[in-house]
Protein chains: 2
Amino acid sequence: MQHPAPFADVQALCFDVFGTVVDWHGSIAAEVQRLGLPVDGGAFALAWRAAYAPAMQQVRSGALPWTDIDGLHRRILDGLLAAHGIAMHEAARADLNRIWHRLQPWPDSVPGLLRLKRSFTITTLSNGNLSLLVAMAKFGGLPWDAVLSAEFFKHYKPDPEVYLGAARLLGLAPAQVALVAAHPSDLRAAAACGLRTAYVPRPLERGVGGGMEPWAEGEFDLMADSFELLAQQLEA
Amino acid sequence: MQHPAPFADVQALCFDVFGTVVDWHGSIAAEVQRLGLPVDGGAFALAWRAAYAPAMQQVRSGALPWTDIDGLHRRILDGLLAAHGIAMHEAARADLNRIWHRLQPWPDSVPGLLRLKRSFTITTLSNGNLSLLVAMAKFGGLPWDAVLSAEFFKHYKPDPEVYLGAARLLGLAPAQVALVAAHPSDLRAAAACGLRTAYVPRPLERGVGGGMEPWAEGEFDLMADSFELLAQQLEA
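Calculation rules
- All residue numbers here refer to positions counted from 1 along the written sequence of the relevant chain.
- Chains and ligands are labelled sequentially in the order written, the chains with letters from A and the ligands with numbers from 1.
- With the structure being a predicted model, the display of local features is reserved for residues of pLDDT at least 70 and the display and counting of side-chain atom pairs for 80 or more, all residues being used for whole-chain, interface and lining totals.
- Under the DSSP-based scheme used, a helix requires at least four consecutive residues in state H or I and a strand at least two consecutive residues in state E, with every element numbered from the N terminus.
- Values of the radius of gyration come from C-alpha atoms, whereas the globule rule sets the reference at 2.2 Å times the count of residues to the power 0.38.
- As a rule, residues whose C-beta atom has 12 or fewer other C-beta atoms within 10 Å are exposed, those with 20 or more are buried, and those in between are partly exposed; C-beta atoms are placed from the backbone.
- Residues are treated as contacting if the C-beta atoms built from their backbones sit within 7 Å of each other.
- Working definition: the arc comes from the directions between the helix axis and the C-beta atoms, pointing outward to the latter.
- Least squares is the method for superposing the copies, and the C-alpha atoms it fits come from residues with pLDDT of at least 70 in both.
- In this scheme, strands are said to pair when DSSP sees at least two bridges between them.
- A fitted line through C-alpha atoms serves as each axis, taken over the contacting stretch for helices, and the angle formed by two N-to-C directions is quoted from 0 to 180°.
- Should an angle fall under 35 degrees it is called roughly parallel, over 145 degrees roughly antiparallel, and 65 to 115 degrees roughly perpendicular, with every other angle called oblique.
- Here a crossing is called left-handed whenever its near helix is offset anticlockwise from the far helix by less than a right angle, and right-handed whenever the offset is clockwise.
- We call Asp, Glu, Lys and Arg charged. Ala, Val, Leu, Ile, Met, Phe, Trp, Tyr, Cys and Pro are nonpolar, and the rest, Gly among them, are polar.
- Only buried residues count toward a nonpolar core: Ala, Val, Leu, Ile, Met, Phe, Trp, Tyr and Cys, linked into one set through C-beta atoms within 7 Å.
- In this entry, domain limits derive from an automatic or database-based domain assignment.

A few points about the overall build of chain A
Of the regular secondary structure elements, chain A holds ten helices and eight strands. Its C-alpha atoms give chain A a radius of gyration of 18 Å, within 12% of the compact-globule value 18 Å for 236 residues. Along the longest, intermediate and shortest principal axes, the C-alpha atoms of chain A span 55 × 35 × 35 Å. Classification of the 236 residues of chain A by burial places 45% in the buried group. Taking contacts inside chain A between residues at least 6 apart in sequence as the whole, the part at least 24 apart equals 65%.

Rendered as structure tokens:
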């Protein structure tokens, strides 16, 4: 099968997951509401997510030893609950933390992945730990060929070790691998390592009116509004 | 769902692959015959496989730097072709080496895995490199939830790092993980790390009359003659 020019040599598509494949904002807001916590669900989701990049930076700088995303999410959650004066016992707290294992796929994710899987090796390439990504895949029916995690490399994206490590594990040159992501910063880091890039904007990632990272027209090899439209572009 | 006693807490089944899930002997013998090489296909397969444990031992001892299974298979293949005086150009040699990516599943493997996947997380736990295991899964339709490789740990089975590393990545205690394998030695090493064990003998692994490793009655937590019968025992 012939793929369009920038993807002519691409054999594997690696997917960012949080926001690109699954709707963390909507899933967490719904869970917070279901539990009846005395906070706005959407704002709680945004605050939880906003503390994630700084937490990874603490790992990157060595201020924290290697801590997986379940661990980072839990540290942030404990802080948020304390800030809101919400008491919650351990089992409920652990279960709420695992909402990140039960995020809903966007409506096009599973049909698009099933179609792309016919022509490409499809994998995660996420900062999420393997156990989180596996639980999420079983929850949402995500048909990965392999689950690749930043955890394997003890580096978080956008560190180059993650993109280059994925290509190496897949037995491919960087230019034979594409990153599919909703985040221009992630795509730029992948491109700097020689990977191909497919931008799938998710305008509702932070909820209605939540905004998106800026990007420039033509900055990425491909752009598609859904995984199904990406499959169509790739003739997959 | 209630699983039988030794498996009551088991959440993930990790599968040995070569011989347990796929028929390396039959697949390689058929390929050698298809290529018309002037050797007995079954004997060639046995010789290729026999040199595999010593090659891993060279890595374990430090005599060889870390080399993945594709690399070890290729070293062995080059030696075998030379010993038989068979000339083969590079592309054909590389393709023959990749026969290990195209091994046929045993007839019960896919239906059994599909059934077990409903109740457990199912993963590989193989000395094969990730790219080999992913290609094999796509070739044979093996529905893994995750592909775990010794390569992640830079240790080959039966080193304990592999079994304990798999449990850690899965976010589980060793007793919540079971190894499913056709090889008593692999199962014993897993049990020594605290994993549960399911023995699925594959009497034809080395061809008709090829023999099997000895084992003692009751040595493993479960024993089943196929993945489908294992699913049945586990009420999966």
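Re helix H1 (residues 24-34) of chain A
Residue and element names in this part refer to chain A. Of the positions making up H1, those classed as buried are Trp24, His25, Ile28, Glu31 and Val32. With its buried residues spanning 140 degrees around the axis, H1 presents them on a single face. Looking at the buried residues of H1, the elements they touch are strand E2 (22-23) and helix H2 (41-50). Two residues or fewer past H1, Gly36 is found with a positive phi of approximately 70 degrees.

Side note on the relation of the copies chain A and chain B
Least-squares fitting of chain A to chain B yields an RMSD of 0.0 Å, with the transformation described by 0.0 Å of translation along the axis and a rotation of 180 degrees. Such values leave the two copies arranged in the relation of a two-fold axis. No C-alpha of chain A lies nearer the rotation axis than that of Ala146 of chain A, which sits 2.8 Å from it. A share of 100% of the interface residues of chain A reappears at the interface of chain B, consistent with the copies meeting face to face through the same patch.

Here's the deal with the sheet that holds strand E8 (residues 222-223) of chain A
All names here are of chain A. Strands sit in the order E5-E4-E1-E6-E7-E8 across an open sheet of six strands; the sheet is parallel. What marks the edges here is a single partner per strand, and that holds for strand E5 (146-149) and E8. The sheet contact formed by strand E1 (residues 12-15) and strand E4 (residues 121-126) spans four bridges and is parallel. Across the sheet, residue Phe15 finds its bridge partner in E4, namely Thr124. Each of E4 and E5 is contacted by helix H7 (residues 130-140), which is oriented at about 145 degrees to E5, the strand it contacts most.

Concerning the interface of chain A and chain B
Taken together, the contacts link 13 residues of chain A with 13 residues of chain B. Mapped onto the side of chain A that touches chain B, the elements with two or more residues apiece are H7 and E5 of chain A. The element that contributes the greatest number of residues to the side of chain A that touches chain B is H7 of chain A, accounting for five residues.

Notes on the environment of Ala135 of chain A
Residue and element names in this part refer to chain A. Tracing the chain through its elements places Ala135 in helix H7. The exposure class assigned to Ala135 is buried, which follows from the 20 C-beta atoms found within 10 Å. Each C-alpha atom, one on Ala135 and one on Arg102, is 7.3 Å from the other, the two residues being 33 residues apart in sequence.

Structural notes on the environment of Thr123 of chain B
Residues and elements named next belong to chain B. Mapped onto the fold, Thr123 is located in strand E2 (residues 121-126). Between the C-alpha atom of Thr123 and that of Ala166, which follows or precedes it by 43 residues, the distance is 9.4 Å. With residues near it in sequence (within four places) discarded, Thr123 still touches Ala12, Cys14, Trp144, Asp145, Ala146, Val147 and Leu148.

Here's the deal with the packing of H1 of chain A against H2 of chain A
Residue and element names in this part refer to chain A. At a closest axis distance of 8 Å, the pairing of H1 and H2 adopts a crossing angle of 125 degrees. Our classification of the angle between H1 and H2 gives oblique. The way H1 lies across H2 gives a crossing that is right-handed. Facing H1, whose interface residues are Trp24, His25, Ile28, Ala29, Ala30, Val32 and Gln33, H2 presents Gly41, Gly42, Phe44, Ala45, Trp48 and Arg49. Among the residues making up the contact of H1 with H2, the classes are represented as eight nonpolar, four polar and one charged.

Focus: the nonpolar core
Formed by 148 residues in total, the largest nonpolar core has its most connected members in Ala166 and Leu179 of chain A together with Ala166 and Leu179 of chain B. Once residues within four sequence positions are removed from consideration, Ala166 of chain B is found in contact with Cys14, Leu125, Leu148 and Val177 of chain B.

A few points about the domain arrangement of chain A
Residues and elements named next belong to chain A. Split by domain assignment, chain A resolves into domain 1 (5-23 + 103-233) and domain 2 (25-101). Placing a centre on the C-alpha atoms of domain 1 and another on those of domain 2 gives a separation of 23 Å. Between domain 1 and domain 2, the contact holds 19 residues from the first and 14 residues from the second. Sorting the residues of the side of domain 1 that touches domain 2 by element identifies E2 and H7 as the ones contributing at least two each. The element that contributes the greatest number of residues to the side of domain 1 that touches domain 2 is H7, accounting for four residues. Split by residue class, the side of domain 1 that touches domain 2 holds seven nonpolar, six polar and six charged.

Details of the packing of helix H4 (residues 69-83) of chain A against helix H5 (residues 90-97) of chain A
Residue and element names in this part refer to chain A. Two elements in contact, H4 and H5, have axes whose closest approach is 10 Å; the angle formed by their N-to-C orientations is 120 degrees. Classified by the interaxial angle, the pair formed by H4 and H5 is oblique. At the point where H4 passes H5, the crossing takes the right-handed sense. Facing H4, whose interface residues are Asp70, His73, Arg74 and Leu77, H5 presents Arg93, Leu96 and Asn97. Across the contact of H4 with H5, the residue classes break down as two nonpolar, two polar and three charged.

Brief notes about the pairing of strand E4 (residues 177-181) of chain B
All names here are of chain B. The buried fraction of E4 amounts to five of the five residues, a majority that puts the element mostly inside the structure. Side chains Val177, Leu179 and Ala181 project from E4 onto one buried face, and the interleaved Ala178 and Val180 project onto a second face that is buried too. Note: strand E1 (residues 12-15) against E4, four bridges, orientation parallel. Each bridged residue has a counterpart across the sheet, and for Phe15 the counterpart in E4 is Val180. Here four bridges tie E4 to strand E5 (residues 196-199), and the two strands are oriented parallel to one another. Its bridge partner lying in E5, Val180 is registered against Ala198.

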